[in-house]
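Each chain is listed here by its residues.
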Amino acid sequence: MVEAEGAKAPVKFEFDNFEHGFPEGFGPGGWGHLAYAIGVAFAAFQLVIAAWNVLPTQVVRGVHVGFLILMTFGLVGNFTAKGNAGRAMGWLIGIAGFLCGLYQWIFYADLIARDGDPTRLDLAIGTLLAVLIFEGARRLMGLALPLLCGACMLYWLFGQHLPAPFNHRGYDFAQIIGDLAYGTEGFYGVPIYVSATYIFLFILFGSFLERAGIIRLFTDVSLGLFGGSRGGPAKVALLASGMMGTVSGSGVANVVIVGQFTIPLMIRFGYRRAFAAGVEATASMGGQIMPPVMGAVAFIMAETLGVDYSVVVKAALLPALLYFASAFWMVHLEAGKEGLVGIRRSEIPSAWQALVARWYLVLPLGALVYMLFQGFTPLYAGSIGLALTVMLILGASITLGFSSNTLRYVFWIVLALVVAAISHNGLEIAPVAAFIGVLLLIAAITRGGRATLAACRDSLADSAKSALTVGMACAIVGSIIGMMSQTGAGAAFGDWIITLGDKSLFLALVMTMLLSILLGAGIPTIPTYIITAALAAPALAKLGVALIASHMFAFYYGIMADLSPPVALAALAAAAIAKENPNKIGWEAMRIALAGYLLPFIFVYSPALLLQPGDPMAAELGFYGAVAFAILKALVAIGLSGMVAIGFLFVPLTPLDRVIAGLAALCLLGDFRFSDSTGFILATVCLLRQWRQRPRGVVAAA
């Protein structure tokens, strides 16, 4: 495997908050051990409620939020306090938050009996919970999201005093706290339900797969497939980060993990520092749109729309593939423009040998995808996928103690037969858990087994730590959902979008795009999607946009905000590795990720790209014909856009060539009479002009 300069040494990242993760470890001394133990307990609780439905959903949500607050204040204290007194204060505040969550469990029956008529103690606990959620979110993510949610709270409290049409009927403090802290449209709404079930489980699933070595597999396969091609190092970054995104679903985390290898590699082979970092930022953010995980938004979207998770995954698949195809095209053109070559064959690992050596690591991911598309719930599929991953990790540690390959083969055959036997009549959690228990006992008495068990325990604690930012974002954004639900503010904004859309759907889409990017500039992707989808998606649906297309539209631009200057958080993470200005990286990333800005408009006007009915071309071409035509249009549009952005195809584009290519792409994105035919004609003119100017011997850009 090629070792890039500086790839071995971990890179330190400085952020204004902990939105993109805490430092390594859990803190100093005994405080760190305390945080570690609570992290393991948090993960164990989540595993139990995922495997067995032992608690009411409101209790699960309450305890989940309690753990989030406890670990948030404890870890922030561990990493920021200057002494033991400050750390103790952080843990005491966290314990108060945990007790607020536990209150839902202890008084569950009483709270149901007095629903809508809270006691003074209920109001006190609810108020404390609100304060801790807001302060915890501030400490994790900075001021932007708490300020936005705080403004919504002020409107909820005092909006009746505003002039029409901005006023509402008025709500007293007790009613607001009751809705926030004890209902299912406030802190304990759909977002926190998804966090307490699907999101945590899939974070754990990704953590165990990483521990098993899947990152190395992805990197070696990417190097073997594309390392030797023109601009190979950049294509390796795109493929490795895209595959990593299927597991982690986290953009900035992908930059941190994969970028330490790929960015120095690209720089070493001639790419400009800003462009190399922009490639990694583009690829890593693309991980959030790549099924099956999709940065956890897929789960929230499925719950919000009331559809099967597989429906969301199917809709997301083609645009995600087109996004990465566009990025491949961009780096291919850049390599041609700059005359960059690939890695020497002698330095490239064999993709086939990498798969032969570690093919089994793909099995849990394959089983997960298969079960999701067979109609199993994400909770069940994730539980089984996680169980299979644990079996592989434990099995690998057990076979290390065997003296011959024959024994190893026998063990794996027996393991496969046992799994087949317990899954003969459908996989059930109880026998799977019992079999894992047996493997745990065997691993505990074999060479290397105890170290593996310790690594699995570390994965539990690390997953709990990784879940904090997403979970707290899901909790605090419930205040906005509750406000819009009670006051009708969301409906009013939707009416404004509808009024605008009656004149021009394109303008309504542009306003939704700007809203998503502006929100995403200050807050994480998940709350950006939740807020924009609640405000604008229903209105777009009333304008004739397919409902899932309107949600995907909001989701895509929330992600693009992390690539768009001046914030561009993915670029900020890449800057630390590339040693380049984050704004330069952000502008390069916007150029490389141009498809991410164009695809939402394409699939709104051509819903066949999302495998949805209602495409205008379906009447003439049939459903699958409309899908093929939508893919063709998208490929041509992003191909032309890449030529405009990079300024190269066979030879550098003249200003006139760029104008023709740009107009052709706009026509293919539009929805007016003869727009498609005009776009294809202009595209043909541009390609012919480039073909005539090509140097002798050049047959194709590929």
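Every value quoted in this text rests on a predicted model; they were computed, and no experiment measured them.

A. Local environment of the overall build of the protein chain. What the protein chain contains, in helices and strands, is 32 helices and zero strands. Classification of the 702 residues of the protein chain by burial places 56% in the buried group. In the protein chain, once contacts between residues fewer than 6 apart in sequence are set aside, the share between residues at least 24 apart is 77%.

B. Representation of unusual backbone geometry in the model. The backbone of Lys579 sits at a positive phi, close to 55°, despite the residue not being glycine. For Lys579, the position within the fold is in the loop between α27 (569–578) and α28 (582–592). Judged by relative accessible area, Lys579 falls into the exposed class, the value being 67%. You will see that Leu611, though not glycine, has its phi angle at about 60°, which is positive. Mapped onto the elements of the fold, Leu611 is located in the loop between α29 (594–605) and α30 (618–646).

C. How the structure looks around helix α13 (residues 297–305). Of all nine residues in α13, seven are buried, a share of seventy percent or more. Burial in α13 covers these residues: Val297, Ala298, Phe299, Ile300, Met301, Ala302 and Leu305. Those residues of α13 that are buried lie in contact with α8 (190–212), α14 (309–338), α17 (378–399), α20 (449–476), α24 (525–535) and α26 (547–560). Positive backbone phi, at 70°, marks Gly306, one or two positions downstream of α13.

D. Representation of the environment of Gly97. Within the secondary structure, Gly97 sits in helix α3 (residues 84–106). The spacing of Gly97 and Leu132 is 35 residues in sequence and 6.6 Å in space, taken between C-alpha atoms.

E. Examining the packing of aromatic side chains more closely. Per the counting criterion, the structure on display carries 19 aromatic pairs. Ring centres of Tyr557 and Phe601 lie 6.2 Å apart, and the angle between their planes is 70°; on these two criteria the pair is classed as edge-to-face. Linking Tyr557 in helix α26 with Phe601 in helix α29, this pair joins segments that are 44 residues apart in sequence. Look at Phe650 and Trp691: their rings are 5.7 Å apart centre to centre, the planes differ by 75°, and that puts the pair in the edge-to-face class. One end of the pair, Phe650, is in the loop between α30 and α31 (655–669); the other, Trp691, is in helix α32 (residues 675–693), with 41 residues separating them in the sequence. Here Phe650 falls in the buried class, since its relative accessible area comes to 14%. Taken together, the ring pairs in this structure connect Phe42, Phe45, Phe67, Phe98 and Phe200 into an aromatic cluster. Above the ring of Phe26, the side-chain terminus of Lys465 is found at 4.8 Å from the ring centroid.

F. Region of the structure containing the side chain of Lys235. Structurally, Lys235 can be placed in helix α10 (residues 232–248). As a buried residue without a salt bridge, Lys235 has its nearest oppositely charged side chain in Glu334, at a separation of 13 Å. Non-local contacts of Lys235, meaning those with residues more than four positions away in its chain, are made with Phe226, Ser229, Arg230, Phe328, Val331 and His332.

G. Local environment of the environment of Pro607. Looking at where Pro607 falls in the secondary structure, it is placed in the loop between α29 and α30. Separated by 292 residues in the primary sequence, Pro607 and Ala315 have C-alpha atoms spaced 9.2 Å apart. Discounting chain neighbours no more than four positions away, the residues touching Pro607 are Ala546, Gln612, Pro613, Gly614, Asp615 and Pro616.

H. The arrangement of the confidence of the model for the protein chain in detail. When pLDDT is averaged across the protein chain, the result is 81; 89% of the residues are at 70 or more. The weakest mean pLDDT in the protein chain belongs to helix α22 (residues 489–503) at 69; the strongest belongs to α3 at 94. Counted against residues more than four places away or in other chains, residues 1–16, with its pLDDT under 50, gives 38 contacts. Note that residues 698–702 has pLDDT below 50 and, in this model, nine contacts with residues that lie over four places away or in other chains.

I. Structural context of the packing of helix α5 (residues 120–141) against α20. Look at α5 against α20: their axes get within 9 Å of each other, and the N-to-C directions meet at 135°. Taken together, the axes of α5 and α20 are oblique relative to one another. Here α5 runs over α20; the crossing is left-handed. Across the interface between the two elements, Leu132, Ile133, Phe134, Gly136, Ala137, Leu140 and Met141 of α5 pack against Leu468, Thr469, Met472, Ala473, Ala475 and Ile476 of α20. Taken together, the residues of the contact of α5 with α20 break down into 11 nonpolar, two polar and no charged.

J. Spatial organisation of the pattern of salt bridges. Tallying each qualifying case throughout the model produces nine salt bridges. Its salt-bridge partner being Arg114, residue Asp122 comes within 2.5 Å of it at the nearest N-O pair. Judged by relative accessible area, Arg114 falls into the partly exposed class, the value being 22%. In this structure, the salt-bridge partner of Asp657 is Arg689, at a minimum N-O distance of 2.6 Å. A residue pair is termed long-range when its members are at least 10 positions apart, and Asp657 in helix α31 and Arg689 in helix α32 qualify at 32 residues. For Asp657, a relative accessible area of 0% translates into the label buried. According to the relative accessible area criterion, Arg689 is partly exposed, its value standing at 29%. Linked by salt bridges that have partners in common, Arg272, Glu334, Glu588 and Arg591 make up one network.

K. Molecular detail of the packing of helix α9 (residues 214–226) against helix α15 (residues 351–358). Packing of α9 against α15 leaves a shortest axis separation of 7 Å and a crossing angle of 155°. When the axis of α9 is compared with that of α15, the two are roughly antiparallel. Between α9 and α15 lies a crossing of left-handed hand. Residues Arg216, Leu217, Asp220, Val221, Gly224 and Leu225 of α9 pack against Ala351, Ala354, Leu355 and Arg358 of α15. A breakdown of the residues in the contact of α9 with α15 according to their chemical character gives six nonpolar, one polar and three charged.

L. Seen up close, α30. When the terminal C-alpha atoms of α30 are compared, their 34 Å separation across 29 residues is substantially less than the 42 Å that a helix rising 1.5 Å per residue should span. Positive phi appears at Gly647, one or two residues downstream of α30, with a value of about 80°.

Rules used in this analysis
- Residues numbered from 1 in each chain as written.
- Predicted model: local features only at pLDDT ≥ 70, side-chain atom pairs only at ≥ 80, totals over all residues.
- Heavy atoms only, no water.
- Helix = DSSP H or I, 4+ residues; strand = E, 2+ residues; numbered from the N terminus.
- Buried < 20%, exposed > 50% of the residue type's maximum accessible area, 1.4 Å probe, protein only.
- Contact = heavy atoms within 4.5 Å.
- Phe/Tyr/Trp six-rings, centres within 6.5 Å; stacked < 30°, edge-to-face > 60°.
- Lys NZ or Arg CZ within 6 Å of the ring centre and 35° of its normal.
- Lys, Arg positive; Asp, Glu negative; His and termini not counted.
- Salt bridge = Lys/Arg side-chain N within 4 Å of Asp/Glu carboxyl O.
- pLDDT = per-residue confidence, 0-100.
- Axes fitted to C-alpha atoms, helices over the stretch in contact; angles between N-to-C directions.
- Parallel < 35°, antiparallel > 145°, perpendicular 65-115°, else oblique.
- Left-handed = near helix turned anticlockwise from the far one by under 90°.
- Nonpolar A, V, L, I, M, F, W, Y, C, P; charged D, E, K, R; others polar.
- Expected span 1.5 Å × (residues − 1).

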